[in-house]
Amino acid sequence: MTNTAGEPIIGATVLEKGNTTNGTITDIDGNFTINLPANATLSISYIGYITQEIQVGYQTSFKVVLKDDTKTLDEIIVVGYGSQKKANLTGAVSSVKMDEALGDRPLLNAADALQGAVPGLFVSNGGNAPGTSKSFQIRGAYSLGVKNSDGTYGNTIKPLVLIDNVEGDIDMINPEDIESINVLKDAASAAIYGARAAGGVILVTTKRPKGASRFELNYNNNFAFGKAVNLPKQAPLMDYLQAYLDCGYSDAYWSLGSPSVSKWMEYLTAYQKDPSSFNTVGDGIYVDESGVPYYLNEKDLYKNFMETSFQMTHNISASGGTDKLRYRISGGYNSNDGVLISDRDKFERMNVNSFISADVTKWFTQEITMSYAHSLQTSPGGMGGVYNTRLVSYYPEGELPASVNTLADEDLPLFTPRNQILYSNPVNNKNDNPRIFLKSILKPLKGLEAVFEYTFDKNIYDYHWYTGQYDYTTIQGGSSKSFVDDYLRKYKQHTNYNSINVYATYNKDFGNHHFKVMAGFNQESSYQETLDTYSYNQAVLDVPAMSSGTGTIKATDSYSEYAIRGGFFRVNYNYLDKYLAEINFRSDASSKFGPGNQRGYFPSISLGWRMSSENFMADAEKVDDLKLRFSWGQTGSTNIDDFVYRQFYEKGNPYIGQSTLTPGLLPNPDIKWERTSEFNGGLDYAFFNHRLFGSIDGYYRYTKGALAPSPYPLESGSTSYTSNLIDLSNKGVEIEIGGDIIRTADWTWTSK
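Note that the coordinates shown come from a computational prediction; the quantities given were computed from them, not determined experimentally.

Peer 1: For this particular structure, what's the right way to read the pattern of salt bridges?
Peer 2: Pairs may arise between side chains of opposite charge once their charged atoms sit close together. Enumeration over the complete set of coordinates arrives at 25 salt bridges. The partner of Arg 139 in a salt bridge is Glu 734, and the shortest N-O contact between them spans 2.8 Å. Note that Arg 139 is positioned in the loop between β11 (134–138) and β12 (142–147) and Glu 734 in strand β42 (residues 720–743), a separation of 595 residues in sequence. Each of the two residues, Arg 139 as well as Glu 734, counts as buried. Ionic pairing is found between Asp 471 and Lys 481, a salt bridge with its closest N-O pair at 3.1 Å. Taken as a pair, Asp 471 in strand β30 (residues 471–472) and Lys 481 in strand β31 (residues 480–481) lie far apart in primary sequence, 10 residues in all. The class for Asp 471 is partly exposed, based on a relative accessible area of 26%. Lys 481 sits in the partly exposed class, given a relative accessible area of 43%. Put simply, Arg 139, Lys 185, Glu 678, Arg 701 and Glu 734 are held in one network by salt bridges that share partners.

Shown next as C-alpha cells:
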C-alpha cells in the first residue's frame with residue numbers, strides 16, 4: 001500500500017467490511033496479510049486519505065494506492081458576509097470547530113472552549129464565581145476612550161461578537177448549539193465590518209442541518225465536581241504567637257480581655273496534648289480563672305467556607321428534513337453550584353433554539369431562527385475581606401457566647417468568612433434574551449446570490465439585592481451591625497436591538513481566473529433604558545419592598561440610543577488556486593459624531609501566494625501546503641459615550657431656593673472617527689500529510705487620533721472633554737504549531 005507519490009503507508013487499517021473483528025494494519029513497508037472469504041470486501045483507511053473499498057473475489061494480492069483527502073484545504077471558513085475555502089484565505093483568520101474544542105469537557109460557555117485555541121486571542125477570567133463572564137482581547141487592542149464603570153477611562157477594545165452575522169452575547173449561547181467560531185484578527189479581514197471592528201471580530205455560526213437528512217434525536221448530559229485549589233496555607237498558631245513576641249510586641253494581646261501571649265502558648269501546648277483537660281465553650285474558647293478568654297482550637301478558615309462544587313449539563317436536540325425543508329430544535333440546561341458553602345453562589349442557564357429552512361422555490365429560500373435564553377446568577381452580598389489573610393487559625397467559628405463576650409448580653413455570630421456567607425442575602429442577577437433572526441436567500445441567476453437578514457434582539461437585565469441587617473461580634477467583643485442603614489436595591493435595564501443586512505454575492509470564472517464580488521448594506525440601532533432604585537431602612541426586614549423603606553428612597557433613570565448605517569463591498573480574485581487577492585471597502589455613518597464627521601471610510605487589501613502549488617514545489621512531497629499572506633487595512637472605533645459633540649446639562653444644587661443646571665462634560669463638535677491601520681504578514685504551512693501544521697504571523701497596528709478624555713481647566717466647570725488626542729501603536733508575533741502526535745483509524749491525539 002502506497003500513497004500517490006509511491007511512498008509506503010505505515011499503520012493503515014485493513015478490515016473485512018461487516019466484520020470488525022477481522023483486521024490488521026500495514027507494516028513499515030506498507031504490506032499487510034489478512035485471511036478473507038472469497039466474497040468479502042476490503043475496507044482500507046488511514047487518516048488524511050480517502051477510504052477505499054475493494055472486492056476481493058479470488059485475488060490473493062493487491063496493489064493499493066490511497067489518494068489524499070484534501071478536505072482540510074477545502075474546508076469552508078465563515079468570513080464577513082460570506083464564506084471562503086480555507087486554502088484561499090489571505091487574511092489572518094483562525095477557525096475553531098466547536099465539537100472538537102468542547103470534546104467531552106463539561107464546559108458551560110463557549111469562551112472556556114476558546115482559551116488557548118486561537119493565537120492572538122487573549123481570554124481573561126473575570127473571576128471564578130459561577131456564571132462570571134470572560135472577556136476577549138485580540139492582539140492587544142486598547143483604547144483610552146473606553147469609559148469604565150468606576151468613571152475612569154482606558155480599557156480593552158472588545159472584539160465584535162457576531163452570532164449568525166448579527167451582534168450578540170456569546171455567554172447566552174449554549175455551546176452545543178455552536179458549529180464553529182472564526183476569529184478575524186487583522187484589519188484586512190475585519191475591515192468589512194468597519195466601525196465596530198477595531199478590536200477584531202469573532203464570528204459564531206450555529207448548527208443547522210444541511211440538505212436532506214433523516215430524523216435525529218440527541219440527548220447528552222454531563223456531571224462534574226470541583227474543588228478550590230492552591231488555597232493559602234496558614235502558619236500554626238504556636239508559630240504565629242512566637243513570631244508575635246519576636247516582633248517586640250507586648251505580651252498583652254489585643255483581643256478581648258488582653259490575654260497573655262506567653263500564657264496562651266502554655267495553654268496551647270497543654271491543649272494539644274489533652275483537649276479534654278480544658279473546659280472550653282463555643283469553638284475551643286477557654287476562659288481561665290482570671291476571666292480572660294483564650295482561643296485554642298486551630299482550623300483552616302478557608303476550607304471552612306468552601307465545599308465541593310457540583311455542575312450539571314443537559315442538552316437535547318432534534319433535527320432532520322427533506323431536500324426542501326430542514327429543521328433543528330434544541331434545548332439546554334446548565335447548573336453550577338460554586339465552591340462556597342450554601343447555594344448562594346450559583347449559576348443557572350436555560351436555552352431554547354429553533355431553526356427552520358424552506359426552499360419555497362428553486363431560487364428562493366426562507367430561514368427563521370428563534371431563540372430564548374434565561375440565566376440567573378446568585379452570589380453572597382455584602383461580604384468584606386472574605387478572601388484576605390487577616391484572620392489567624394485560632395479565630396473561632398460560629399457564635400461567641402455571651403458568657404465570654406462581656407460587652408454584649410447575647411450570643412452573637414463572629415465575623416468570619418463562613419458566617420459572612422451564611423448570614424448574607426444573595427445578590428440576584430437575572431438575564432433574559434429573546435431573539436428572532438430572519439434570512440431570505442434569493443438565487444435569481446447562475447452565480448448570483450442575494451441575502452436579506454433581519455434581527456430583533458432584546459436583553460432584559462434585572463438586579464435585586466437587599467442588604468439585610470444582623471448583629472455580629474469579633475474577638476474584641478461588643479456588638480456591631482452588618483449595615484447601619486440597610487437598603488433594598490433594584491436595578492432594571494432593557495435593550496432593544498434591531499439589525500438589517502442586505503448583500504449579494506456574484507461568482508464568475510474566466511478560464512483559470514476566478515472572481516467573487518460581494519456588495520451590501522447594513523443598518524443597526526439600539527435603544528436602552530435603565531432604572532436604578534434604593535429604599536433605605538426597611539420597616540420589615542424579612543419582607544423588604546420599595547414602599548416599605550422608612551428612610552430615603554431614591555431613583556435614577558437613564559436612556560441611551562445609537563444607530564449606525566454602512567455600505568460595503570468585497571472583491572476576491574483567484575488564479576489557479578495559487579495567486580490570491582482580496583479588496584474590501586466599507587463606509588459607515590454613526591450618530592455618535594456631529595455633522596460633517598459622522599461618516600468614516602475603511603479600506604483594506606490582502607494578497608496570498610500558495611507556493612506549494614507551484615511547479616518548482618512538485619518534488620517537495622512532504623509539503624502539503626505553504627502559503628504566504630500580506631495585508632493592510634483600516635478599521636474605525638466609536639468607543640465613546642453617545643452625543644459627546646453636544647452640550648448637556650445636569651441638575652445642580654439649589655441656590656437661593658431655586659433649582660439650578662450645571663454643564664456636564666464639555667462638548668467637542670470637531671470629534672471624529674478613531675482610525676486604526678494594520679499591516680500583517682503571515683505564513684501558513686502543513687507537512688507530512690498534515691501531520692504537522694500551523695501558521696506564523698507578524699503585525700504592526702497604528703491608531704491615529706485615538707478617542708480619549710482631554711484635561712481641561714477647572715475654571716470651565718468641567719474637568720475634561722473628549723477629543724482625538726492620542727496616537728497609539730502596538731506590534732506582535734503569533735506562532736501556531738500543531739501536530740497529530742498519534743493518528744490511527746481508531747483515535748487521534750492532536751496538540752497545538
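Moving on, there is more to tell.
Peer 1: Just to check I follow, could you spell out the packing of aromatic side chains for this structure?
Peer 2: In this description, a pair of aromatic rings is defined by centroid distance and the angle of the planes. For the structure on display, the rule yields 43 aromatic pairs. When the centroid spacing of 5.3 Å and the interplanar angle of 45° are considered together, the rings of Tyr 487 and Tyr 536 count as tilted. Remark: Tyr 536 occurs in strand β33 (residues 513–536) and Tyr 487 occurs in strand β32 (residues 487–510); sequence separation between them is 49 residues. Tyr 487 gets classed as buried once you look at its relative accessible area, which sits at 18%. We note Lys 508 situated over the ring of Phe 510; from NZ or CZ to the ring centre the distance is 5.8 Å.

Peer 1: Whenever I open this one, a negative patch on the surface confuses me. Can you help?
Peer 2: A contiguous patch of negative charge, built from Glu 399, Asp 409, Glu 410 and Asp 411, is present on the exposed surface. Structurally, the position occupied by Glu 410 is in the loop between β26 (399–400) and β27 (412–413).

Peer 1: Help me understand the pairing of strand β25 (residues 364–380), please; the structure alone is not making it clear to me.
Peer 2: Two faces make up the sheet, and in a regular strand the side chains alternate between them. As paired elements, strand β24 (residues 346–359) and β25 share 14 bridges and run antiparallel to each other. For Phe 355, the partnering residue across the bridge sits in β25 and is Thr 369. Between the antiparallel neighbours β24 and β25 lie 4 residues. In terms of strand pairing, β25 meets strand β28 (residues 426–442) through 17 bridges, oriented antiparallel. Across the sheet, the residue bridging to Tyr 372 is Pro 434, located in β28.

Peer 1: Is there a simple way to explain the side chain of Ser 695 in this structure?
Peer 2: Locating Ser 695 in the fold gives a position in strand β41 (residues 692–711). For Ser 695, the contacting residues outside a window of four places in its chain are Arg 629, Leu 683, Asp 684, Tyr 685, Glu 734, Ile 735 and Glu 736.

Peer 1: Looking at this structure, I do not really get the nonpolar core. What am I missing?
Peer 2: Most often, soluble globular proteins keep nonpolar side chains buried together rather than apart. Grouped together as the largest cluster of nonpolar side chains are 27 residues, with contacts concentrated most on Leu 237, Leu 241, Trp 264, Leu 296 and Tyr 394. Mapped by element, the contributors of at least two residues to this core are α5 (237–246), α6 (261–273), β20 (285–287) and β21 (293–295). For this core, the element with the most residues is α6, which contributes 6 residues. If sequence neighbours within four positions are ignored, Leu 237 has contacts with Trp 264, Leu 268, Tyr 295, Glu 298, Val 392, Ser 393 and Tyr 394. Counting residues in each nonpolar core, the second largest holds 23 residues, with Met 98, Phe 136, Ile 178 and Ile 202 among its members.

Peer 1: For this particular structure, what's the right way to read α6?
Peer 2: Because an α-helix completes one turn every 3.6 residues, residues spaced three or four positions apart along the sequence face the same direction. Under the 1.5 Å per step criterion, the end-to-end length of α6 is 19 Å for 13 residues, consistent within 8% with the ideal 18 Å. Buried within α6 we find Val 261, Trp 264, Met 265, Tyr 267, Leu 268 and Tyr 271. On an axial view of α6, the arc spanned by its buried residues comes to 165°, and they lie on one face. In α6, the exposed positions angled more than 90 degrees off the buried face are occupied by Glu 266 and Lys 273.

Peer 1: How do you make sense of the environment of Glu 674 when you look at a structure like this?
Peer 2: Summarising the element assignment, Glu 674 is placed in strand β40 (residues 674–687). For Glu 674, a relative accessible area of 1% gives the class buried. Here the alpha-carbon distance between Glu 674 and Asn 724, two residues 50 residues apart in the chain, equals 7.0 Å. With near-sequence residues (within four places) excluded, Glu 674 lies in contact with Ser 143, Ile 157, Thr 635, Gly 636, Ser 637, Thr 703, Lys 704, Gly 705, Ala 706, Leu 707 and Asn 724.

Peer 1: So what exactly am I meant to see when it comes to α5 here?
Peer 2: Residues of α5 that are buried include every one of Leu 237, Leu 241 and Tyr 244, and no others. Angularly, the buried residues of α5 cover 55° about the axis, an arc narrow enough to put them on a single face. Looking at the buried residues of α5, the elements they touch are α6 and β21. Immediately downstream of α5, the backbone of Gly 248 shows phi near 90°, a positive value.

Peer 1: Is there a simple way to explain the environment of Leu 217 in this structure?
Peer 2: By secondary structure assignment, the location of Leu 217 is in strand β18 (residues 213–226). In this structure the C-alpha to C-alpha distance between Leu 217 and Lys 67, which are 150 residues apart in sequence, comes to 35 Å. Dropping the residues within four chain positions of it, Leu 217 is found in contact with Ile 316, Ser 317 and Ala 318.

Peer 1: What should I look at first to understand empty space enclosed by the protein in this one?
Peer 2: Over the atoms, a rolling probe the size of a water molecule traces out where space has been left empty. Applying the stated rule across the entire model yields 5 cavities of 30 Å³ or more. Residue lining of the largest cavity: 19 residues in total, with Ile 163, Ile 173, Asn 353, Ser 371 and Arg 435 positioned closest to the centre. If you list the elements that add at least two residues to the lining of the largest cavity, you get β24, β25 and β28. Per element, the largest residue contribution to the lining of the largest cavity is 4 residues, and it comes from β25. Residues belonging to the lining of the largest cavity are distributed by class as follows: 7 nonpolar, 7 polar and 5 charged. Roughly 90 Å³ of volume is contained in the second largest cavity. As for the second largest cavity, its lining consists of 14 residues, of which Val 79, Gln 84, Val 93, Ser 189 and Glu 582 are closest to the centre. Counting only elements with at least two residues in the lining of the second largest cavity, the list comes to α4 (187–190) and β35 (579–590). A class-by-class count of the residues in the lining of the second largest cavity yields 5 nonpolar, 7 polar and 2 charged.

Peer 1: Teacher, can you tell me more about the environment of Ile 640 here?
Peer 2: With respect to the helices and strands, Ile 640 occurs in the loop between β37 (623–637) and β38 (649–651). Measuring from C-alpha to C-alpha, the distance between Ile 640 and Val 229 comes to 40 Å, with 411 residues separating the pair along the chain.

The rules behind the values
Residues numbered from 1 in each chain as written. Predicted model: local features only at pLDDT ≥ 70, side-chain atom pairs only at ≥ 80, totals over all residues. Heavy atoms only, no water. Salt bridge = Lys/Arg side-chain N within 4 Å of Asp/Glu carboxyl O. Helix = DSSP H or I, 4+ residues; strand = E, 2+ residues; numbered from the N terminus. Buried < 20%, exposed > 50% of the residue type's maximum accessible area, 1.4 Å probe, protein only. Phe/Tyr/Trp six-rings, centres within 6.5 Å; stacked < 30°, edge-to-face > 60°. Lys NZ or Arg CZ within 6 Å of the ring centre and 35° of its normal. Patch = residues over 30% accessible without salt bridge, like charges linked within 9 Å, V, L, I, M, F, W, Y side chains within 5 Å. Areas by Shrake-Rupley, 256 points an atom, 1.4 Å probe, with all protein chains shown as cover. Lys, Arg positive; Asp, Glu negative; His and termini not counted. Charge placed at Lys NZ, Arg CZ, Asp CG, Glu CD. Pairing = 2+ DSSP bridges. Contact = heavy atoms within 4.5 Å. Core = buried A, V, L, I, M, F, W, Y, C linked by side-chain atoms within 4.5 Å. Expected span 1.5 Å × (residues − 1). Arc of directions from axis to C-beta. 1 Å grid on protein atoms, 1.4 Å probe; cavity = no way out; pocket = protein on both sides within 12 Å on 5 of 7 lines; lining within 4 Å. Points joined across faces, edges and corners; volume = space filled by probe spheres on them. Nonpolar A, V, L, I, M, F, W, Y, C, P; charged D, E, K, R; others polar.

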